[in-house]
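Each chain, letter by letter, is given below.
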Amino acid sequence: MNIEVKNRKLNAWISEVVAMCRPDAVYICDGSKKEYDSMMEKLVAAGSGIPLEKRAGSYLFRSDPSDVARVEDRTYISTSAQDEAGPTNNWLDPASLKETMKGFYKDCMKGRTMYVIPFSMGPIGSPISKIGVEITDSPYVVANMHIMTRVSSKVLELLGAENDFIPCLHSIGAPLESGRKDVPWPCAPIEQKYISHFPEENLIWSYGSGYGGNALLGKKCLALRIASVMARREGWLAEHMLILRLTNPEGRQYHIAAAFPSACGKTNLAMMQPSLKGWKCECIGDDIAWMKIGEDGRLHAINPESGFFGVAPGTSYDTNPMAMDTIRDNVIFTNCALTDDGDVWWEGMTDELPAHLIDWKGRDWTPESKAEAAHPNARFTAHASRCPVICKDWENPAGVPIDIFIFGGRRSSVVPLVYEAFNWDHGVFLGATAASETTSANIGAVGNLRRDPFAMKPFCGYNMGDYFQHWLNMGDRLGNKAPRIFYVNWFRKSDEGKFLWPGFSDNSRVLKWICERVEEKAGAQKSAIGLLPLDGALDLSGLNIPSENMKELLQVDPVEWKAEVPDIKAHFDIFGDRLPERLVVQLQELRKRLG
Ligand code: GTP
Ligand code: SPV
Ligand code: MN
């Protein structure tokens, strides 16, 4: 080992994993630039990473075509009683799951180096932060963890001899027999992939995948699935939410946390540049929020991550200029297309299609090609500090006080552009019943409508009925200091299948109405589902949008909404007696209002 480890638990765990996985070498990471560069050197030499001539310090990776997204079907919450994992999670008994996985882990790192990555979610040393240690056999994971989390030898110092940490074991599941040449993206077949969580012992075991949330274990596994269980136990919130600061022309600041499902607009909203004059938006986080009630009785949010693992397709100077500026240099790109002059490209990046590309599978591509040039879940990994509109308080351990919660999803019909909850319980009902069309952020069908409560269906580490109750309890504790709750849908389409709302920078118009609601300045009208903008209350100045479109965007069709009720009922029924009575009341009231 290159660094002496003093922590007893860590030493014992390293020995245990070495005995099980049999790596050729063990390397303790220090988070330095030198270490990052050496990972990249190794990856380039192996033919996995392609240096990009047009972007300084940036590399392109192409994954195995089977390993392109999270695998919800193979993600487990393993608790002693199945009821604790609840009806929205896959469950296996901890003892038998560990037996199965140990079978795969046996000798799985042969021919490879085992990296030990000490990392902090949240600023190093802050009382709100959590320390994890990821063991992995993937140098690509090491490099990505450098950007997404705080990897540092300071974390080892903080651990001292006796302090605790969250062990995160990861293997790509592809031992290298001696003499065999490696492939550019080693991984295991889908039926051998396991993304397992043991919340009762704060433990994560991941096997078989090298992609995103399956492999960068600080993110969804620790900061959401394990953290959500801790948060419930300790009375705080770990949520799949962006955090932004919006400043109005008078200088009043609003802090907004918004939960949209994967690939439904968090990164875009977090970095949005308002089309309305005088309004300013700054980014604090684009994916995860940890929120605690402060001494002032308000909810304060931090972003536990230090980078963005953002969806590339659709990102352009028109849609998300701040993301484009964030990814000018020092970026890891995965599954994007390669241009002939050594840059990346993806669908939606430019109006004009390049004449020739190498697609994400390494094949020649021209505009005539039928296949996409970039995978729809192609991603960039970039450090948050590179974002031109990163908020100066993004690393403030005290967090920012949240004024507004927004829930939402991707609905091509039924759900209006924006509405406000009548009160906290109704807001929790909106979160609990959120539905969205599935995206390519998960392996599986795309475009299927499903309930994705609080955008947390894939990420809640315990029974979601209890999670709903936890939200109700938090509201009770916050009282009149609770954030106001809204619901948005940027994705409603016309009969011709075109987006009715321009989205992106024009979403500032919706945020303006929301802020003015908080100030009791903007008008709203009661509908069966919530409070909608009064005619003329949305600032549409300078926007050329047909009035029929606006009408459709704000329409609440009682027939369509009545059809939602049995679906919500069926969704609630799966929770049995774990469903809070207060949500049953909310559904009854919705039914009554619909008449
Ligand atoms: P995860 O990283 O998977 O959690 O995704 P995310 O919620 O951060 O989604 P992201 O902002 O990356 O957006 C996903 C896709 O939706 C991209 O292709 C965006 O271009 C598109 N998108 C985001 N906001 C809007 C919008 O306001 N309108 C439309 N039409 N598309 C949008
Ligand atoms: C998501 O799927 O919500 C993501 C990408 O943010 S991943 O890190 O793969 O989970
Ligand atoms: Mn996400």
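Residues numbered from 1 in each chain as written. Chains lettered and ligands numbered in written order. Predicted model: local features only at pLDDT ≥ 70, side-chain atom pairs only at ≥ 80, totals over all residues. Heavy atoms only, no water.

1. Some remarks on the packing of helix α2 (residues 33–45) against helix α5 (residues 139–148)
Relative to each other, α2 and α5 sit at 145 degrees, their axes nearing to 9 Å. As for how α2 packs across α5, the hand of that crossing is left-handed. Taking contact as the criterion, the partners of E35, Y36, M39, M40, K42 and L43 in α2 are, on α5, P139, Y140, V142, A143, H146 and I147. A per-class count over the contact of α2 with α5 returns nine nonpolar, one polar and two charged. (Axes fitted to C-alpha atoms, helices over the stretch in contact; angles between N-to-C directions. Helix = DSSP H or I, 4+ residues; strand = E, 2+ residues; numbered from the N terminus. Left-handed = near helix turned anticlockwise from the far one by under 90°. Contact = heavy atoms within 4.5 Å. Nonpolar A, V, L, I, M, F, W, Y, C, P; charged D, E, K, R; others polar.)

2. Comments concerning the site of ligand 1
Every one of the 22 residues lining ligand 1 counts as a neighbour, but A263, K266, T267, N268 and R379 are closest to it. C264 places a main-chain nitrogen or oxygen 3.3 Å from an oxygen atom of ligand 1. Between ligand 1 and the protein, one listed contact pairs an oxygen atom with a side-chain N or O atom of R410 at 3.2 Å. Its free accessible area being 660 Å², ligand 1 has 92% of it covered by the protein chains. Going through the elements one at a time, α9 (266–270) and β17 (307–311) are the ones with two or more residues in the shell around ligand 1. Looking at the shell around ligand 1 residue by residue, the classes come out as 10 nonpolar, eight polar and four charged. When residues of the shell around ligand 1 are sorted by domain, at least three fall in each of domain 2 (238–307 + 392–594) and domain 3 (308–383). (Near = heavy atom within 4 Å. Polar contact = N/O pair within 3.5 Å; in protein donor to acceptor, adjacent residues only side chain to side chain. Areas by Shrake-Rupley, 256 points an atom, 1.4 Å probe, with all protein chains shown as cover. Domains from an automatic or database assignment.)

3. Some words on the domain arrangement of the chain
Examined at the domain level, the chain breaks down into domain 1 (8–48 + 75–234), domain 2 (238–307 + 392–594) and domain 3 (308–383). One C-alpha centre belongs to domain 1, the other to domain 2; they are set 32 Å apart. Each partner contributes residues to the interface: domain 1 has 32 residues there, and domain 2 has 30 residues. Surface buried jointly by domain 1 and domain 2 totals about 2900 Å² across both partners, of which 56% is contributed by carbon and sulfur atoms. Ranking the residues of domain 1 by area buried against domain 2 places T88, I128 and R232 at the top, with a combined share of 23%. At the junction of domain 1 and domain 2, the tally comes to seven salt bridges. (Buried area = accessible area lost by both parts, 1.4 Å probe. Salt bridge = Lys/Arg side-chain N within 4 Å of Asp/Glu carboxyl O.)

4. Looking at the environment of S80
Mapping S80 onto the fold places it in the loop between β4 (75–77) and α3 (82–85). Residues S80 and L338, 258 residues apart in the sequence, show an inter-C-alpha distance of 47 Å. Once residues lying within four places of it in the same chain are set aside, the contact partners of S80 are W91, P94 and E200. There is a polar contact of 2.9 Å between the side chain of S80 and the side chain of E200.

5. Focus: the packing of helix α11 (residues 424–432) against helix α12 (residues 464–478)
Packing of α11 against α12 brings their axes to within 10 Å, and their N-to-C directions diverge by 155 degrees. Taken together, the axis directions place α11 and α12 in an arrangement best described as roughly antiparallel. The handedness of the crossing between α11 and α12 comes out as right-handed. The residues of α12 that touch α11, namely those facing W424, D425, V428 and A432, are F468, W471, L472, G475 and L478. A breakdown of the residues in the contact of α11 with α12 according to their chemical character gives seven nonpolar, one polar and one charged. (Parallel < 35°, antiparallel > 145°, perpendicular 65-115°, else oblique.)

6. Considerations on the coordination of the manganese ion (ligand 3)
Six octahedral donors around a metal ideally make angles of 90 or 180 degrees; four tetrahedral donors ideally make 109.5 degrees. Here the manganese ion (ligand 3) is held by K220 (NZ), H240 (NE2) and D287 (OD), and the distances to it run 2.1 to 2.4 Å. What the six donor atoms of the manganese ion (ligand 3) show is an angle range of 64 to 172 degrees at the metal, which sorts the shape as irregular. Positions of the donor residues of the manganese ion (ligand 3), expressed as sequence spacing, correspond to K-x19-H-x46-D. With K220 in helix α8 (residues 218–234) and D287 in the loop between β14 (280–285) and β15 (289–293), the pair connects residues that are 67 residues apart, well separated along the chain. Taken as a pair, K220 and D287 share a single burial class, namely buried. (Donors = N, O, S within 2.8 Å, 3.2 Å for Na, K, Ca; no water. Tetrahedral: all angles 85-135°; square planar, octahedral: opposite > 155°, others 65-115°. Buried < 20%, exposed > 50% of the residue type's maximum accessible area, 1.4 Å probe, protein only.)

7. Details of the sheet that holds strand β22 (residues 364–365)
A sheet is described by the order of its strands in space; here four strands give the open sequence β20-β19-β21-β22, paired in antiparallel fashion. What marks the edges here is a single partner per strand, and that holds for β20 (344–345) and β22. Where strand β19 (residues 337–339) lies against β20, two bridges are found, and the strand directions are antiparallel. Bridging from a neighbouring strand, L338 pairs with V344 of β20. (Pairing = 2+ DSSP bridges.)

8. A short note on the site of ligand 2
Around ligand 2, the surrounding shell consists of R70, G212, G213, K219, K220, H240, S262, D287, F309, R379, A441 and F459. Contact between ligand 2 and R70: an oxygen atom at 2.8 Å from a side-chain N or O atom of the residue. Take K220: an N or O atom from its side chain is 2.5 Å from an oxygen atom of ligand 2. Out of a free accessible area of 280 Å², ligand 2 has 98% covered by protein chains. Listed by contribution, the elements that provide at least two residues to the shell around ligand 2 are α7 (212–215) and α8. Its residues assigned to classes, the shell around ligand 2 comprises three nonpolar, four polar and five charged.

9. Let's talk about unusual backbone geometry
Excluding glycine, residues mostly carry a negative phi; peptide bonds, for their part, are mostly trans. For R22, which is not glycine, the phi torsion reads 55 degrees and is therefore positive. Mapped onto the fold, R22 is located in the loop between α1 (8–21) and β1 (25–28).

10. Digging into the pairing of β17
Counted residue by residue, β17 has four buried out of five residues, so it is predominantly covered. Here β17 pairs with strand β23 (residues 379–383) via five bridges, running antiparallel. Within β23, the position partnered with F308 by the bridge is A382.

11. Comments concerning the packing of aromatic side chains
In the structure shown here, the tally under the stated rule is 32 aromatic pairs. Through pairs of rings, three or more aromatic residues link up here, namely F405, F407, W424, F454, Y462, Y467, F468, W471 and F575. The aromatic ring of Y194 is capped on one face by R74, whose charged end is 4.8 Å from the ring centroid. Of note, R252 hangs over the ring of Y254, and the distance from its end group to the ring centre comes to 4.1 Å. (Phe/Tyr/Trp six-rings, centres within 6.5 Å; stacked < 30°, edge-to-face > 60°. Lys NZ or Arg CZ within 6 Å of the ring centre and 35° of its normal.)

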